[in-house]
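# Observations on the model geometry
Listed here are the chains, written in short residue letters.
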Amino acid sequence: MIELERHIEILLLDNDCVIVPEFGGFMAQHTNARYSEVDNTFLPPIRTIGFNPQLKINDSLLAQSYVEAYDISYPEALRRIEQEVEEIRQILSTEGIFELRDIGTLRLNAAGNYEFEPCEAGLLTPSLYGLSSFEFETLESIQAKQIAEAAKEQTAKIIDINENSNSTLFVDINDENNDNYTIRKSVIRNIAVACIALLTFLLIPSHLGNGTKSALSTSKIDTGLLYRIMPKDITTGNAEIEAATKKVLQKNEEKKTVVAETNIPVAKEYYTIVLASKVSLNNAQQYTEKLKKNGYNEAEVYSGHGNTKVIYGNYSNKTDAQNALNKLNKNKEFADGWVTMVRK
């Protein structure tokens with residue numbers, strides 16, 4: 001059983017460097033608080049950890065920790081460290097990756113060199129305990145929400161206008177005091193014109209000569225009939241009818257303008273669980289496939305603002321996402337996960 005990672009984590013609480021003999025050195029360094037533009041989050045200061053494979057000389061710090069923890073001799077402690085290092089190397093040669101819990105991940109690249117990725121949550125530091133990240137909503141997102149709310153209100157007004165307009169279609173056309181009286185008269189005029197046009201078509205002779213004068217132009221139909229059977233204000237035009245028609249057309253244009261203003265794209269935001277961050281796209285895709293093979297089908301790759309992450313799940317609020325993480329935290333894939341908000 002490899003206990004090396006626990007000794008390194010404990011020693012880094014009071015030391016800035018722990019050397020594993022004939023393997024490499026783990027070094028801790030302070031990172032100031034920072035702001036992430038990807039998810040609009042302020043991150044607290046942390047201690048990050050790096051790995052230098054050139055530091056291989058034994059400084060006795062790690063061996064002394066084994067002596068005190070297991071009550072063994074110094075040579076026995078060195079042999080035990082050597083066995084665990086050899087076991088780590090075998091895992092790296094066969095699987096290409098080895099995870100040091102709460103410290104980071106070691107990988108063996110194609111050139112046979114070690115690559116180290118530190119734990120995203122940082123190194124355990126008592127002086128920084130209790131500091132957590134917090135989200136601060138940007139002005140752009142606030143304005144987007146306000147625009148969306150305004151669009152909903154405008155849509156509701158349009159629906160209300162349409163309902164009111166439909167309710168005034170069936171009015172008493174004999175009531176000249178009604179505002180829709182002139183509009184109703186225009187409808188009647190259009191129907192009358194259509195009927196007269198149909199009657200005219202039926203009265204025209206069916207045979208029309210080609211290359212000669214049209215029978216339509218030589219027919220003796222009395223067009224004065226049209227004026228005698230239709231009201232005067234319909235055949236000669238009426239200023240009130242024209243004004244009412246213009247008013248209706250103007251209202252339709254205003255409705256179209258309001259509808260066009262509502263078609264404003266709104267960014268979709270949701271909460272998710274971050275399993276890996278600041279990784280290459282290729283590594284993220286490979287890790288996602290591995291998670292799906294292990295049964296975590298909701299794992300996916302998220303890229304934005306130059307940062308590639310491996311995320312899991314889609315939650316409408318932060319509480320649901322945190323509850324899901326608490327349930328999955330017992331699995332090693334979710335041990336270092338945290339909740340954040342992403343936007344698509």
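Shown above is the structure to which this text applies.
The structure reproduced in this document is the subject of the present report. Numbers given to residues run from 1 along each chain, matching the order in which its sequence is written. Under the rules for a predicted model, residues below a pLDDT of 70 receive no local features and side-chain atom pairs below 80 are neither given nor counted, while totals for whole chains, interfaces and linings still include all residues. Think of the side-chain values as coming from all heavy atoms in the structure, minus any hydrogens and water.

### Considering unusual backbone geometry
- Even without glycine at this site, glutamate 22 takes up a positive phi of about 60°.
- Helix and strand definitions follow DSSP, with helices as H or I runs of at least four residues and strands as E runs of at least two, each counted in order from the N terminus. In this fold, glutamate 22 is placed in the loop between β1 (17-20) and β2 (24-31).
- Looking at glutamate 22, the relative accessible area reads 52%, which means it is exposed.
- At aspartate 71, a residue that is not glycine, the phi angle is positive and equals roughly 55°. A simple rule labels every residue: compare its accessible area, found with a 1.4 Å probe on the protein chains alone, to the largest value its type can have, and call it buried under 20%, exposed over 50%, or partly exposed in between.

### Comments concerning the packing of helix α2 (residues 61-70) against helix α3 (residues 74-95)
- Between N-to-C directions, angles cover 0 to 180 degrees, with each direction set by a line fitted to C-alpha atoms, over the stretch in contact for helices. In the contact formed by α2 and α3, the axes pass within 9 Å of each other and the chain directions differ by 110°. Taken as axis vectors, α2 and α3 run roughly perpendicular relative to one another. When α2 is examined against α3, the residues Leu62, Ala63, Tyr66, Val67 and Tyr70 are found in contact with a partner set consisting of Tyr74, Ala77, Leu78, Arg80, Ile81 and Glu84. Any angle that is under 35 degrees is reported as roughly parallel, and any over 145 degrees as roughly antiparallel; angles of 65 to 115 degrees are reported as roughly perpendicular and all others as oblique. Contacts: residue pairs with any heavy atoms within 4.5 Å of one another.

### Digging into the environment of threonine 105
- For threonine 105, the location among the structural elements is in strand β7 (residues 104-108).
- Sequence spacing of threonine 105 and proline 118 is 13 residues, and the spatial spacing of their C-alpha atoms is 6.4 Å.
- Non-local contacts of threonine 105, meaning those with residues more than four positions away in its chain, are made with Ile97, Phe98, Glu99, Glu115, Phe116 and Glu117.

### Digging into helix α1 (residues 4-11)
- Most of α1 sits out of view: six of its eight residues are buried.
- Looking at the buried positions of α1, the neighbouring elements they touch are β1, β2, α2, α3 and β6 (97-100).

### A few points about the nonpolar core
- Counting residues in hydrophobic clusters, the biggest one holds 26 residues, and the most contacted among them are Leu4, Ile8, Val20, Phe26 and Leu62.
- Counting only elements with at least two residues in this core, the list comes to α1, β1, β2, β5 (46-52), α2, α3 and β6.
- Here this core gets five residues from one element, more than from any other, and that element is α3.
- For phenylalanine 26, the contacting residues outside a window of four places in its chain are Ile8, Leu12, Asp16, Cys17, Val18, Val20, Ile49, Gly50, Phe51, Leu100, Ile103 and Phe116.
- Throughout, nonpolar core names a set of buried Ala, Val, Leu, Ile, Met, Phe, Trp, Tyr and Cys residues whose side chains join them through atoms within 4.5 Å. If you look at the next biggest cluster of nonpolar residues, it comprises 19 residues, including Tyr271, Val310, Ala324 and Val339.

### Looking at the sheet that holds β2
- Pairing between two strands requires that DSSP report at least two bridges joining them. Here three strands make up an open sheet; going across it, the order is β1-β2-β5 and the pairing antiparallel. Here the strands that pair on one side only, and so sit at the sheet edges, are β1 and β5. Averaged over all pairs of adjacent strands, the angle between strand axes in this sheet comes to 20°, irrespective of strand direction.

### A look at the pattern of salt bridges
- By convention in these notes, a salt bridge is any Lys or Arg side-chain nitrogen within 4 Å of a carboxyl oxygen on Asp or Glu. In this structure the tally under the stated criterion is four salt bridges.
- Note that aspartate 102 and arginine 6 form a salt bridge whose closest N and O atoms lie 3.5 Å from each other. Here arginine 6 lies in helix α1 and aspartate 102 lies in the loop between β6 and β7, a separation of 96 residues in the sequence.
- The residue glutamate 117 makes a salt bridge to arginine 107 at a minimum N-O spacing of 3.0 Å. With glutamate 117 in strand β8 (residues 114-118) and arginine 107 in strand β7, this residue pair connects regions lying ten residues apart in the sequence.
- According to the relative accessible area criterion, arginine 107 is partly exposed, its value standing at 26%.

### Topic: the pairing of β5
- Along β5, five of the seven residues are buried, which leaves the element largely enclosed by surrounding structure.
- Pairing of β2 with β5 involves seven bridges; the strand directions are antiparallel. From the neighbouring strand, histidine 30 faces β5, where its bridge partner is arginine 47.

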